[in-house]
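# Architecture and fold: a report
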Amino acid sequence: TSTTHVRDTSATRPEQDAAAEEAARDALTLCTIHGSKGLEWPTVLVVRMNEGECPSSAALTADGGGGGTDEALEDERRLAYVAFSRAKARLILSFVATEPSGAPATPSRFLGEIPAALTVRDSQLR
């Protein structure tokens, strides 16, 4: 589900419009991968790049054995690409190491497919 905000400008003054435009530049947009198609932002943050999320658990169990079908995984890979390609300048990908239940979590297999030369690990940012 994506959200669209509509602003009524019928009773605004030019200085209010300028302030609204400035606020929009500093706004945070939350949307689904499907809702992001055709849009771009200077920075994109994709959260929960974990197995079972991206690729989805449904894709991972598409073959009934937990490995997923090639077709299901390719569809998920294309969705990840859509999310990644929304970034004009900076892409931040995150994953969790531990589930809220305390169970260990596995980073997405798609993260391992990104060439190391294109990545900066969080330990390198400190």
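Cut-offs applied
Residues numbered from 1 in each chain as written. Predicted model: local features only at pLDDT ≥ 70, side-chain atom pairs only at ≥ 80, totals over all residues. Heavy atoms only, no water. Helix = DSSP H or I, 4+ residues; strand = E, 2+ residues; numbered from the N terminus. Buried < 20%, exposed > 50% of the residue type's maximum accessible area, 1.4 Å probe, protein only. Contact = heavy atoms within 4.5 Å. Salt bridge = Lys/Arg side-chain N within 4 Å of Asp/Glu carboxyl O. Core = buried A, V, L, I, M, F, W, Y, C linked by side-chain atoms within 4.5 Å. Lys, Arg positive; Asp, Glu negative; His and termini not counted.

Looking at where T106 falls in the secondary structure, it is placed in the loop between β2 (87–93) and α5 (122–125). We classify T106 as partly exposed; its relative accessible area is 48%. Sequence separation between T106 and F95 is eleven residues; the distance between their C-alpha atoms is 8.2 Å. For T106, the residues in contact, after removing those within four places along its chain, are N50 and E51.

One pass over the structure, following the stated rule, counts six salt bridges. Between E74 and R77 there is a salt bridge, with its nearest N and O atoms 2.3 Å apart. One end of the pair, E74, and the other, R77, are both in helix α4 (residues 70–84), three residues apart, so they sit about a helical turn from each other. When its relative accessible area of 35% is taken as the criterion, E74 is described as partly exposed. Judged by its relative accessible area of 25%, R77 falls in the partly exposed class. Here R78 ties to D75 by a salt bridge, and the two come within 2.3 Å at their closest N and O atoms. Pair noted here: R78 and D75 are both in helix α4, with a separation of three residues, about one helical turn. For R78, a relative accessible area of 47% translates into the label partly exposed. For D75, a relative accessible area of 35% gives the class partly exposed. Connected through salt bridges with shared partners, the residues R48, E53 and E99 form a single ionic network.

Counting ten residues, the largest nonpolar core consists of V44, V46, M49, C54, A80, A83, F84, A87, F110 and L111. Listing elements by their share of this core, those giving two or more residues are β1 (41–46) and α4. Top contributing element to this core by residue count: α4, with three residues. Discounting residues that sit within four places of it in the chain, F110 has contacts with M49, C54, P55, L73, E76, R77 and A80.

The next thing to look at is the side chain of E76. With respect to the secondary-structure elements, E76 resides in helix α4. The side chain of E76 sits in the buried core without any salt bridge; R109 is the nearest counter-charge, 9.3 Å away. Among all residues touching E76, those that are not within four sequence positions of it are E53, C54, P55, S56, A59 and F110.

Before going further, it helps to examine the environment of D70. Among the secondary structure elements, D70 is positioned in helix α4. Considered as a pair, D70 and A59 are eleven residues apart in the sequence and their alpha carbons are 9.2 Å apart.

Of the consecutive residues C54 and P55, the connecting peptide bond is found in the cis state with omega at 10°. Tracing the backbone through its elements, the reader meets P55 in the loop between β1 and α3 (57–60).

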